[in-house]
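# Analysis of the macromolecular model
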Amino acid sequence: MAWYFFNSMMKAEEGTPRMIEIAEHVRKGAMAYLKQQYKVVLIVFIVLAVIFSLMAYVLKVQNPWVPFAFLTGGFFSGLSGFFGMKTATYASGRTANGAREGLDRGLKIAFRSGAVMGLVVVGLGLLDIALWFLVLNAVYQGENMALVTITTTMLTFGMGASTQALFARVGGGIYTKAADVGADLVGKVEANIPEDDPRNPATIADNVGDNVGDVAGMGADLYESYCGSILSTAALGATAFAMNADMQLKAVIAPMIIAAVGIFLSLIGIFLVKTKEGATMKDLLHSLGMGTNVSAVLIALATFLILYLLELDNWLGVSFSVISGLTAGVIIGQATEYYTSQSYTPTKKIAEASQTGSATVIIKGIGTGMISTCVPVVTISVAIMLSYLCANGFDLSMSSASISRGLYGIGIAAVGMLSTLGITLATDAYGPIADNAGGNAEMSELGEEVRHRTDALDALGNTTAATGKGFAIGSAALTALALLASYVEEVKIAMARAMEEGTRFIDAAGNAFNPATADMADFMAFFQVNLMNPKVLVGVFIGAMAAFLFCGLTMGAVGRAAGAMVEEVRRQFQEIKGILEGKATPDYGRCVEISTRSAQREMILPSFLAILIPIAVGAVLGVAGVLGLLVGGLSAGFTLAVFMANAGGAWDNAKKLVEEGHFGGKGSECHKATIVGDTVGDPFKDTSGPSLNILIKLMSMVSIVMAGLTVAFI
């Protein structure tokens, strides 16, 4: 279906020679950046694969399949980003040309091109999972606790996906925001020329950035969320139903089947997205909502049938766990839409604040972003409790079996939330395609009516992008919670491996500890995982700090890269005579080069810190410290990510509202104030905020992969 949508898009006309030329500039810039990024990432992956090989084959503190699983996870994650970006760079010009025919034509081209990304991510994700399951099942079949070994081993390819996703998100985010800030501050504020004006040297780099950040980055990001939720749930199912081999297999494959059926039902929603000429923003939001909500309802109904036919223990309760995850995803999406869409009060109030200057715009935006965290946090909290209780039959005894089944419910809730990813990611990838289409229309001077249509599609894209980010961080919270339990299982396997090598474990009372017969409560007691243990508390503080440190580093990186871009744009305006009069062509390539070089240089430190922090905490504070680290990172990272994504989205749409003619319109003082707000919000919503959900899961994945090394320090 991804191939079908791609071919359908390629058959559409790309427009005038000028439109084709602009699209080609963007396409070449995007592919050049991606090629350069993959070179850097390849070196990192080779180094890490060598380290994992030493741990597996020399030190023997790791499963021997880990180096290979790590590489395939990174490869498929990168491939999904590549396919999505290739489609987006071909689709934007065709979307602009489609907008010449009508709003519905432009919407369909952009949305179905975004669907290529959605379908490629879920397709490659399930392909990777299926291949590894078949291979490992053939290797371990018949062994004791085979499914536990298989599922915990498969979890490790999630680290490859997470590492690739972090580089894609951070690098792409720095690239796009350096170009965007440079284009806005010098072009729109200082030179007083429109957005995406061909006279602005940073315009092409800005359009390239939309693709490398919001398409390639988001695709790699949600690929690892999707795979992580399925794999962590499978691992929890293998543990929760370990005493019944038949039921254990059903619990392992249930999340895979739900995800697979979800792909087909997402397709129905994709075909439902359409609109009418002259549609308002609410009409356009309703069009996308129709597709996503119909898919969600169908998947909810299908879940009951799937689990009933599987004859899974407590299938009805587990089905309601899935429903709680699905419902949480819908609620978070609606809350995000409310706080970021220009159709609703919060964003209107930010635009209204522009009458008293840029400072009040920034204050109002920050306040709105902070308030907007309430609904997602409460929603995820309720979803966690409901999914836990439904899966264990509302058993409050806290027995080992009750906890294991409850945790399985939380994992499968994450699968439920991501089961609509085929269409949810389509709505997110749609955003940068529509944004680039607007840029193409502006630079090609297509006329007021066409620009009005592309502006409407672009404003819709801002909201869908914010919704997608809220959805991504919500799924990350549920997945990370399931990964916490998976970490304990990986520690258990690492301890069993160490015992085979002759290591003996003694608990606080001086008694021998046998991990093979211990349950979750025994592990918590052995490692003294409680709030009175200073190792846990220190871990929590470091985890919370890591989220802020990571944001600070990525924000600083954007600031430095944007500073270089601002200087370059100013230089070209001063030295290349005739640019502002439209008589000379700017040096677009120089701006693309600055963004590319800055992104490659600046993404290294934040990305390596995300990998090194869990390893260092594990070595110094042990298992208790790592669990504290993951809890602190999850709680602070989740809240901070929602705040940043929503504040940034609201600032962006407040600017769009003014540009539509409210509060003085384009070129007014109010417009300049909202541009400043949008400029501050750019790294919030497109660099630091979206990277946090990867940070949360990457720290969990690194902890799981390094569990053997952590146990060696006990």
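Just so it is clear, the model here is predicted, and its values are computed rather than measured.

## Remarks on the overall build of the protein chain
The helix and strand tally for the protein chain stands at 22 helices and zero strands. Reported as C-alpha extents along the three principal axes, the dimensions of the protein chain are approximately 80 × 50 × 45 Å. Taking all 714 residues of the protein chain together, 64% fall into the buried category. Restricting the contact set of the protein chain to residue pairs at least 6 apart, pairs at least 24 apart contribute 82%. Carbon and sulfur atoms provide 65% of the accessible area of the protein chain, an area that totals close to 24300 Å². For the protein chain, the distance from the average position of its 46 positive side-chain charges to the average position of its 56 negative side-chain charges is 3 Å.

## Focus on the side chain of Thr 368
For Thr 368, the location among the structural elements is in helix H12 (residues 358-371). A polar atom in the side chain of Thr 368 sits 2.8 Å from the backbone oxygen of Lys 364. Leave out the neighbours within four places in its chain, and Thr 368 touches Tyr 339, Pro 346 and Ile 350.

## Some words on the confidence of the model for the protein chain
Do not read the predicted coordinates in detail wherever pLDDT is low. Here the protein chain shows a mean pLDDT of 86. Residues at 70 or above account for 98%. By mean pLDDT, helix H6 (residues 157-190) is the weakest element of the protein chain at 79, and H12 is the strongest at 94.

## Some thoughts on a nonpolar patch on the surface
A contiguous nonpolar patch, built from Leu 42, Ile 46, Val 50, Leu 54, Tyr 57, Val 58, Leu 59 and Phe 68 and spanning about 790 Å² of accessible area, is present on the exposed surface. Top contributing element to the nonpolar patch by residue count: helix H2 (residues 17-58), with six residues. Mapped onto the secondary structure, Leu 42 falls in helix H2. The exposure class of Leu 42 is exposed, given its relative accessible area of 51%.

## A closer look at the packing of aromatic side chains
In the structure shown here, the tally under the stated rule is 21 aromatic pairs. Pairing Phe 75 with Phe 76 gives two aromatic rings, centres 5.5 Å apart and planes at 70°, and the pair type is edge-to-face. Residue class for Phe 75 comes out exposed when judged on its relative accessible area of 53%. Accessibility expressed as a relative area gives 12% for Phe 76, which makes it buried. Ring geometry for Tyr 308 versus Trp 315: centroids 5.2 Å apart, planes at 65°, classification edge-to-face. Each member of the aromatic cluster is reached from another via a ring pair, and the members are Phe 513, Phe 523, Phe 526 and Phe 527. Across the ring face of Tyr 90, the terminal group of Arg 27 is positioned such that the distance to the ring centre comes to 4.1 Å.

## Quick look at the packing of H2 against helix H15 (residues 421-443)
The interhelical angle for the contact between H2 and H15, taken along N-to-C directions, is 135°, at an axis separation of 9 Å. With respect to H15, the axis of H2 lies oblique. Here H2 runs over H15; the crossing is right-handed. Touching Arg 18, Met 19, Ile 22, Ala 23 and Val 26 of H2 are Asn 436, Asn 440 and Met 443, all from H15.

## Re the pattern of salt bridges
Within this structure, the stated rule accounts for 26 salt bridges. For Glu 593, the salt bridge is made with Arg 590, and the minimal N-O distance between the two is 3.2 Å. Taken as a pair, Glu 593 and Arg 590 lie in helix H19 (residues 588-602) at a separation of three residues, close to a single helical turn. For Glu 593, a relative accessible area of 41% translates into the label partly exposed. The closest approach of N and O atoms between Lys 685 and Asp 682, which form a salt bridge, is 3.7 Å. One end of the pair is Lys 685 and the other is Asp 682, both in helix H21 (residues 669-705) and three residues apart, which spans about a single turn. Looking at Lys 685, the relative accessible area reads 9%, which means it is buried. Using a relative accessible area of 1% as the deciding quantity, one classes Asp 682 as buried. By sharing partners, the salt bridges in this structure join Asp 652, Lys 655, Lys 656, Asp 678, Asp 682, Lys 685 and Asp 686 into a single network.

## Section: the layout of surface pockets
Estimated volume of the largest pocket: approximately 1100 Å³. Breaking the lining of the largest pocket down by element, the ones donating at least two residues are H2, helix H5 (146-155), helix H7 (203-240), helix H14 (400-418), helix H16 (448-500) and helix H17 (520-526). The residue inventory of the lining of the largest pocket, partitioned by class, reads 21 nonpolar, ten polar and ten charged. What the second largest pocket holds in volume is close to 830 Å³.

## Structural notes on unusual backbone geometry
Positive phi is not limited to glycine here, since Phe 394 has a value of about 55°. Structurally, Phe 394 can be placed in the loop between helix H13 (374-391) and H14. You can call Phe 394 exposed: its relative accessible area is 52%. We note that Gln 528 has phi near 55°; this positive angle belongs to a residue other than glycine. Checked against the element boundaries, Gln 528 lands in the loop between H17 and helix H18 (534-575). By relative accessible area, which is 40% here, Gln 528 ends up partly exposed.

## A short note on the packing of H2 against H19
Orientation of H2 relative to H19, taken along the N-to-C sense of each, is 20°, at an axis distance of 10 Å. Put simply, H2 runs roughly parallel to H19. Every pair of crossing elements has a handedness; the one defined by H2 and H19 is right-handed. Between H2, through Gly 29, Tyr 33, Gln 36, Gln 37 and Val 40, and H19, the contact on the second element is made entirely by Val 592, Thr 596, Ala 599 and Gln 600. A breakdown of the residues in the contact of H2 with H19 according to their chemical character gives four nonpolar, five polar and no charged.

## Concerning the nonpolar core
Judged by nonpolar contacts, the single largest core of 221 residues is most densely connected at Phe 52, Met 159, Tyr 226, Tyr 408, Leu 421, Met 495 and Leu 692. Examining the composition of this core, we find that 24 residues originate from one element, helix H20 (residues 604-659), more than from any other. If near-sequence neighbours (up to four positions away) are discounted, Tyr 408 is found in contact with Thr 233, Leu 236, Gly 237, Phe 241, Ala 251, Ala 254, Pro 255, Leu 312 and Val 318.

## A look at H12
In this model, H12 (14 residues) spans 20 Å end to end at C-alpha, consistent with the 20 Å of a helix rising 1.5 Å per residue. Within the sequence span of H12, burial applies to Val 361, Gly 365, Thr 368 and Gly 369. Take H12 and look down its axis: the buried residues cluster within an arc of 100°, on one side only. In H12, the exposed positions that point more than 90 degrees away from the buried face belong to Ile 363, Met 370 and Ile 371.

## Some words on the environment of Gln 334
Position of Gln 334 among the secondary structure elements: in helix H10 (residues 315-340). For the pair formed by Gln 334 and Gly 633, sequence separation is 299 residues and the distance between their alpha carbons is 25 Å.

## Observations concerning the environment of Lys 583
Summarising the element assignment, Lys 583 is placed in the loop between H18 and H19. Along the backbone, Lys 583 and Glu 311 are 272 residues apart, and their C-alpha atoms lie at a distance of 73 Å.

Cut-offs and rules
- Residues numbered from 1 in each chain as written.
- Predicted model: local features only at pLDDT ≥ 70, side-chain atom pairs only at ≥ 80, totals over all residues.
- Heavy atoms only, no water.
- Helix = DSSP H or I, 4+ residues; strand = E, 2+ residues; numbered from the N terminus.
- Buried < 20%, exposed > 50% of the residue type's maximum accessible area, 1.4 Å probe, protein only.
- Contact = heavy atoms within 4.5 Å.
- Areas by Shrake-Rupley, 256 points an atom, 1.4 Å probe, with all protein chains shown as cover.
- Lys, Arg positive; Asp, Glu negative; His and termini not counted.
- Charge placed at Lys NZ, Arg CZ, Asp CG, Glu CD.
- Polar contact = N/O pair within 3.5 Å; in protein donor to acceptor, adjacent residues only side chain to side chain.
- pLDDT = per-residue confidence, 0-100.
- Patch = residues over 30% accessible without salt bridge, like charges linked within 9 Å, V, L, I, M, F, W, Y side chains within 5 Å.
- Salt bridge = Lys/Arg side-chain N within 4 Å of Asp/Glu carboxyl O.
- Phe/Tyr/Trp six-rings, centres within 6.5 Å; stacked < 30°, edge-to-face > 60°.
- Lys NZ or Arg CZ within 6 Å of the ring centre and 35° of its normal.
- Axes fitted to C-alpha atoms, helices over the stretch in contact; angles between N-to-C directions.
- Parallel < 35°, antiparallel > 145°, perpendicular 65-115°, else oblique.
- Left-handed = near helix turned anticlockwise from the far one by under 90°.
- 1 Å grid on protein atoms, 1.4 Å probe; cavity = no way out; pocket = protein on both sides within 12 Å on 5 of 7 lines; lining within 4 Å.
- Points joined across faces, edges and corners; volume = space filled by probe spheres on them.
- Nonpolar A, V, L, I, M, F, W, Y, C, P; charged D, E, K, R; others polar.
- Core = buried A, V, L, I, M, F, W, Y, C linked by side-chain atoms within 4.5 Å.
- Expected span 1.5 Å × (residues − 1).
- Arc of directions from axis to C-beta.

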